[in-house]
Amino acid sequence: MPTAYALKESNQKSLAAMYQKPKKDHRVTEGFTVKAMMKDSIVVGPSSAGSFQERPSGPTAFRKCYKRGDFPIALEHGSQGNRIAWKVEIEKLDYHHYLPLFFDGLCDTIHPYDFFARQGIHDMLEHGGMKILPVIPQLIIPIKNALNTRNKPIICITLKVLQHLVVSADMVGEALVPYYRQILPIFNIFKNVNKITTRVEEGKVADIAFKDFDELLQNRLVPKVRTHGIPVNTGDGIDYSQQKRENIGDLIQETLEIFELYGGEDAFINIKYMIPTYESCIYN
């Protein structure tokens, strides 16, 4: 009896396999083509545009000049960290020559070029005074190149440098307004890469990037960035990006609001033209 039952079951399987319909051949094709309209076609989605993809930057002019020994600087090791030892007084430097070169070094991510470029910018902006304003047109291309790398650490450093640049001397914020069309497109791309929103209050001191920068700004009217937290589900992890000032969305919002505060009456309308989602920190 078991043998007859097994024979009957095998016959049923063979008959089912005989009358089984052949599987259809599905075509994988791109959208908006003739094949996409055919039956049994699988349309794949469009490829990524790559707007957040990093762009490699080649060797900078800053690195070339540093290797050649053109800068009057040396590395000084101290108990509170490294700093630049200037061989000449910073106030006597030719800002038209040196400041654009230091800004060009923002694209560098290799030590010691990155340290010298960023700390050198900080020192020159701190002691530059009225020498900074005439050099603004020469700084736009290095700033644009640094932002166009789409490298998040480089963008964060550049945003902090822009914040320092705006408050470094009078009229610098207004001088940057004609160049918003070259600077702000990258802001618009990364503006929503954010976990916490920030607002600016007028009349207090901001926590901005560099060493001893808080002390530098004590005598100036600089916005105070007040953070309003939005709950973020990080599981059992801890998000230190706000404390370390590495949140691009926060930094962009802070920078735009400082641009508006120091850019004069035309700043807001120019920011709004390039970044439609931006809301004024003065009128709202």
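Preceding block: the structure.
The residue count restarts for each chain, going from 1 along the sequence in the order it is written. Local features in this predicted model are restricted to residues of pLDDT 70 or higher, and side-chain atom pairs are both shown and tallied only at a pLDDT of 80 or more, whereas totals for entire chains, interfaces and linings draw on every residue. Hydrogens and waters are ignored; side-chain quantities use all the structure's heavy atoms.

A. Region of interest: the packing of aromatic side chains. The aromatic pairing rule takes the rings of Phe, Tyr and Trp, using the six-membered ring of Trp, and pairs them if the centres are within 6.5 Å, calling planes under 30 degrees apart stacked, those over 60 edge-to-face and the rest tilted. Within this structure, the stated rule accounts for 13 aromatic pairs. Summarising the aromatic geometry, the rings of F71 and Y98 are spaced 6.1 Å apart at their centres and angled 50° between planes, so their arrangement reads as tilted. Taken together, the residues F71 in the loop between α2 (61–68) and β3 (73–78) and Y98 in helix α3 (residues 95–104) connect sequence positions 27 residues apart. The residues F71 and Y98 share a single accessibility class, namely buried. Clustering of aromatic rings is evident, with ring pairs tying together F62, F71, W86, Y98 and F102. A run of H or I in DSSP counts as a helix once it spans at least four residues, and a run of E counts as a strand once it spans at least two, with each numbered from the N terminus. Only protein chains enter the accessibility calculation, which uses a 1.4 Å probe. A residue is then buried if its area is under 20% of the maximum for its type, exposed if over 50%, and partly exposed in between.

B. Structural detail: the side chain of N151. When you line up the elements, N151 lands in the loop between α5 (136–148) and α6 (152–168). Identification of polar contacts relies on pairs of N or O atoms within 3.5 Å, with a donor-acceptor requirement for protein atoms, meaning one able to donate a hydrogen and the other able to accept it, and with residues adjacent in sequence counted only if both atoms are side-chain atoms. Within the structure, N151 has its side chain in polar contact with the side chain of E54 (distance 3.4 Å).

C. Highlighting helix α4 (residues 113–128). Multiplying 1.5 Å by the helix residue count minus one yields the expected span of that helix. Look at α4: 21 Å from first C-alpha to last across 16 residues, which is about the 22 Å you get at 1.5 Å a residue. Taken across its 16 residues, α4 has 14 buried, putting it largely inside the fold. A positive phi of about 65° marks G129, the residue just after α4.

D. Seen up close, the packing of α3 against α5. Put simply, α3 and α5 touch, their axes get as near as 8 Å, and they point 15° apart. Taken together, the axes of α3 and α5 are roughly parallel relative to one another. Judged by the twist between their axes, the crossing of α3 over α5 is right-handed. Mapping the contact onto sequence places H96, L99, P100, F103 and D104 in α3 and Q138, L139, P142 and I143 in α5. Residues are grouped as follows: nonpolar covers Ala, Val, Leu, Ile, Met, Phe, Trp, Tyr, Cys and Pro; charged covers Asp, Glu, Lys and Arg; every other residue, Gly included, is treated as polar. Among the residues forming the contact of α3 with α5, the class breakdown is six nonpolar, two polar and one charged. Here an angle of 0 to 180 degrees is reported between the N-to-C directions of two axes, which are lines fitted to C-alpha atoms, with helices fitted over the stretch in contact. Should an angle fall under 35 degrees it is called roughly parallel, over 145 degrees roughly antiparallel, and 65 to 115 degrees roughly perpendicular, with every other angle called oblique. Rotating anticlockwise by less than a right angle from the far helix to the near helix defines a left-handed crossing, while the corresponding clockwise rotation defines a right-handed one. Throughout, a residue-residue contact means that at least one pair of heavy atoms, one from each residue, lies within 4.5 Å.

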